[in-house]
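# Understanding the architecture of this molecule
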Amino acid sequence: MEGSWSGSEGGDEDVERLSDGGDKPAEGDAEGVWSPDIEQSFQEALAIYPPCGRRKIILSDEGKMYGRNELIARYIKLRTGKTRTRKQVSSHIQVLARRKSREFHSKLKVTSMEQSVKDKALQSMASMSSAQIVSATAIHNKLGLRPAFPTGLWQGMLSAGQAGSSQDVKPFVQQAYAIQPAVTSAITSLEAATAPPSVPAWQGRSIGTSKLRLLHFSAFLEHQREADSYNKHLFVQIGQSTHTHSEPLLEPVDVRQIYDKFPEKKGGLKELYANGPAHAFFLIKFWADLSCNVQDESGAFYGVSSQYESPDNMTITCSTKVCSFGKQVVEKVETEYARFENGRFVYRISRSPMCEYMINFIHKLKHLPEKYMMNSVLENFTILLVVTNRDTQETLLCLACVFEVSNSEHGAQHTIYRLLKE
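The rules behind each value
- Residues numbered from 1 in each chain as written.
- Predicted model: local features only at pLDDT ≥ 70, side-chain atom pairs only at ≥ 80, totals over all residues.
- Heavy atoms only, no water.
- 1 Å grid on protein atoms, 1.4 Å probe; cavity = no way out; pocket = protein on both sides within 12 Å on 5 of 7 lines; lining within 4 Å.
- Points joined across faces, edges and corners; volume = space filled by probe spheres on them.
- Helix = DSSP H or I, 4+ residues; strand = E, 2+ residues; numbered from the N terminus.
- Nonpolar A, V, L, I, M, F, W, Y, C, P; charged D, E, K, R; others polar.
- Salt bridge = Lys/Arg side-chain N within 4 Å of Asp/Glu carboxyl O.
- Axes fitted to C-alpha atoms, helices over the stretch in contact; angles between N-to-C directions.
- Parallel < 35°, antiparallel > 145°, perpendicular 65-115°, else oblique.
- Left-handed = near helix turned anticlockwise from the far one by under 90°.
- Contact = heavy atoms within 4.5 Å.
- Buried < 20%, exposed > 50% of the residue type's maximum accessible area, 1.4 Å probe, protein only.
- Lys, Arg positive; Asp, Glu negative; His and termini not counted.
- Polar contact = N/O pair within 3.5 Å; in protein donor to acceptor, adjacent residues only side chain to side chain.

### Considering empty space enclosed by the protein
Summed over the entire model, instances satisfying the criterion amount to two cavities of 30 Å³ or more. Approximately 500 Å³ is the volume found for the largest cavity. Phe-217, Ala-219, Val-304, Met-358 and Ile-383 are the residues nearest the centre of the largest cavity, which is lined by 33 residues in total. The element that contributes the greatest number of residues to the lining of the largest cavity is strand β13 (residues 381–389), accounting for five residues. In terms of residue class, the lining of the largest cavity is made up of 27 nonpolar, four polar and two charged.

### Quick notes on the pattern of salt bridges
In total, this model carries 11 salt bridges according to the counting rule given. Ionic pairing is found between Glu-309 and Arg-344, a salt bridge with its closest N-O pair at 3.7 Å. Highlighted residues: Glu-309 in strand β8 (residues 300–310) and Arg-344 in strand β12 (residues 344–353), separated in sequence by 35 residues. In this structure, Arg-390 and Asp-391 form a salt bridge, with 3.5 Å as the shortest nitrogen-oxygen distance.

### A short note on the packing of helix α2 (residues 36–48) against helix α3 (residues 68–80)
Two elements in contact, α2 and α3, have axes separated by 9 Å at closest approach and are oriented at 135°. Relative to α3, the element α2 is oriented oblique. Where α2 crosses over α3, the handedness of that crossing is right-handed. Contacts between α2 and α3 pair Asp-37, Ile-38, Ser-41, Phe-42, Glu-44, Ala-45, Leu-46 and Ile-48 from the former with Arg-68, Ile-72, Tyr-75, Ile-76, Arg-79 and Thr-80 from the latter.

### Details of the environment of Phe-281
By the element assignment, Phe-281 lies in strand β7 (residues 281–288). Among residues more than four places away in sequence, those in contact with Phe-281 are Leu-269, Leu-272, Tyr-273, Gly-276, Thr-395, Cys-398, Arg-418 and Leu-419.

### Section: the side chain of Glu-331
Tracing the sequence through the fold places Glu-331 in strand β10 (residues 327–336). Summary of buried charges: Glu-331 has no salt-bridge partner, and the nearest side chain of opposite charge, Lys-321, is 4.5 Å away. A polar atom in the side chain of Glu-331 sits 2.7 Å from the side chain of Ser-319.

See below:
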């Protein structure tokens, strides 16, 4: 592996400049990007509270009346400590319903299902509200037709009439969901019928294309304790996971919304996207874990590791551009050669040293007294990762990375989006 950093080596001025004007937290988190823990709680609440139209629901132990979206917002607050308003919940449901409806219609076009069944499914969906469409998926999860999250992650998924196991979240005794069975069964059979075996389940649900797939990415701090003993802290991490065809595809984000966060000159995001291919472009929202001790620098190593795989034998070039206010500060370019393993060509970039600029930047962030100050700084800090075929110069993957600070109890988290022009 070959690689070197070029550019500025000090992060001090940038942290001071980035933090200007950020002396108070924004009103809640960005509504457009729901962090994994909030989305998890949102999906749980969908399964617990059925659509009820304009009716109110009474919580028996409190005697108060709530609308469904109020209950979902309340549940998110109790589970995560983060605030989502009733209107934000409503907006999120509408976005998910539109996406589900589009997926449903596109699958209907290509499936071999009888036309009469298709017509009936379309009629049923047309009569459903956004809440009912989104809840159809949650019902599948609840009935065990499709796993929504790891078993045992939360034992409060209730069957009718069962008391909740969580002490602070007390859902009401559930009644039957008022969802047309024709549409839920049609959705289930449709998703099974339209998952071509020739297309792997991870494609469209993780970072990768038919030419190159990201298997692992992490940035870390490692302290050597003894001769053969190391303590490793992960700032960010994307691990390999198993996917199924029943999972939803990655949510799309319009690439034009983030043009100003990355370089506009030659080799910038705008030019890269114009040259394509569009399906190789992804946005990653990282919630970085900064709950580590950076005071003791003896034996400390700051590094980055990544792993890719491909059906093709090629030489790849990996460019990492660190950006401040949309301007490139430093760039590292590494060249990696393929190793043939288990019928695939694997590319490993292991323990690549982090640049001095990034190390200083992390130290400066850690010295800020409040988390909202760190997030204010990170609003104008981005990283652009571009993997190309060295010989053909074709863009194989382009990863636009944005950051916030994770709540330490959750550790490092991330959400992946597809970048496209809508």
